[in-house]
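Fold and geometry: a report
Below, each chain spelled out in residue letters.
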Amino acid sequence: MHRLALCVWLTVLTSAAFAVDNGQYDHVPPDIRAWFKSVIAPNGVPCCDISDGHRTEYNVRGGSYWVPIEGQWIEVPERAIIRDRGNPVGQAVVWYVHHRGAIIISCFVPADAV
């Protein structure tokens, strides 16, 4: 319940519309669902859920991760990179919100996270 309250609070705070699981993720295995729910940013904030994460490609430029979001490549801030949760989906996953006209990346797990 605490995680749900935090996701709702983040939605209100950022004026962002988080994705909603309307059954489109029913085919996702329980272990993958559990992983999405367990991912927490280095600052202790939960990344929320499967419907909020976006599988993505990425590049490494000058030692930084970059991801394409809505047609533009955005640098992933160090504070959002999660390296200690593994990655059972085989693709990088990014969580982001819109805030005051900007895209804010809250969490990122590279495809090869260990």
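As the structure is a prediction and not an experimental result, all values here were calculated from the model.

Turning our eyes to something else, we now look at the overall build of the protein chain. Tallying secondary structure elements over the protein chain gives two helices and six strands in all. Looking at the protein chain residue by residue over its 114 residues, the buried ones come to 39%. Put simply, 62% of the contacts in the protein chain that link residues at least 6 apart link residues at least 24 apart. Roughly 6,600 Å² of accessible area belongs to the protein chain as shown, and the carbon and sulfur atoms make up 55% of that amount.

Once that is clear, we can look at the state of the cysteines. With the rule as written, the count across this model stands at one disulfide. Through a disulfide, cysteine 47 is tied to cysteine 107; the S-S separation comes to 2.0 Å. Linking cysteine 47 and cysteine 107, the disulfide has an S-S dihedral of approximately -95° and is accordingly described as left-handed. Placement of the pair is cysteine 47 in the loop between helix H2 (30-38) and strand E1 (53-56) and cysteine 107 in strand E6 (residues 102-109), with a sequence separation of 60 residues.

Right, let's get into the nonpolar core. One broad trend across soluble globular proteins is that nonpolar side chains are buried collectively. Grouped together as the largest cluster of nonpolar side chains are 14 residues, with contacts concentrated most on Trp35, Phe36, Val39, Trp95 and Val109. Taken together, the elements giving at least two residues each to this core come down to H2, strand E5 (92-99) and E6. Counting 13 residues, the second-largest nonpolar core is a separate cluster that includes Ala92, Val94, Tyr96 and Phe108.

Attention now moves to H2. Residues Ile32, Trp35, Phe36 and Ser38 constitute the buried set of H2. Relative to the axis of H2, the buried residues are bounded by an arc of 170° and lie together on one face.

Scored by pLDDT, the protein chain comes out at a mean of 79, with 75% of its residues at no less than 70. Contacts of residues 1-22 to residues separated by more than four positions or lying in other chains number 33 contacts, the stretch itself having pLDDT below 50.

Time to look at the sheet that holds strand E2 (residues 59-61). Paired through their backbone hydrogen bonds, the strands of a sheet run either parallel or antiparallel. Across the sheet, which stays open at both edges, the three strands sit in the order E2-E3-E4 with antiparallel pairing between neighbours. Of all strands in the sheet, those bounded by a partner on one side alone are E2 and strand E4 (72-75). Direction aside, neighbouring strands of the sheet carry axes that sit 40° apart on average. Inspection of the sheet shows strand E3 (residues 64-69) paired to E4 by four bridges, in the antiparallel sense. Counted as the bridge partner of proline 68 is tryptophan 73 from E4.

As a further point, take the packing of aromatic side chains. Under the definition given, this model contains six aromatic pairs. Residues tryptophan 35 and tryptophan 95 carry aromatic rings whose centres are separated by 6.3 Å and whose planes lie at 45° to one another, so their mutual orientation is tilted. In this pair, tryptophan 35 sits in helix H2 while tryptophan 95 sits in strand E5, placing the two residues 60 residues apart along the sequence. There is no split in this pair, since tryptophan 35 and tryptophan 95 are both buried. Here the aromatic rings of phenylalanine 36 and tryptophan 95 are separated by 5.9 Å at their centres, their planes lie at 65°, and the arrangement is edge-to-face. Remark: tryptophan 95 occurs in strand E5 and phenylalanine 36 occurs in helix H2; sequence separation between them is 59 residues.

Rules used in this analysis
- Residues numbered from 1 in each chain as written.
- Predicted model: local features only at pLDDT ≥ 70, side-chain atom pairs only at ≥ 80, totals over all residues.
- Heavy atoms only, no water.
- Helix = DSSP H or I, 4+ residues; strand = E, 2+ residues; numbered from the N terminus.
- Buried < 20%, exposed > 50% of the residue type's maximum accessible area, 1.4 Å probe, protein only.
- Contact = heavy atoms within 4.5 Å.
- Areas by Shrake-Rupley, 256 points an atom, 1.4 Å probe, with all protein chains shown as cover.
- Disulfide = S-S within 2.5 Å.
- Core = buried A, V, L, I, M, F, W, Y, C linked by side-chain atoms within 4.5 Å.
- Arc of directions from axis to C-beta.
- pLDDT = per-residue confidence, 0-100.
- Pairing = 2+ DSSP bridges.
- Axes fitted to C-alpha atoms, helices over the stretch in contact; angles between N-to-C directions.
- Phe/Tyr/Trp six-rings, centres within 6.5 Å; stacked < 30°, edge-to-face > 60°.

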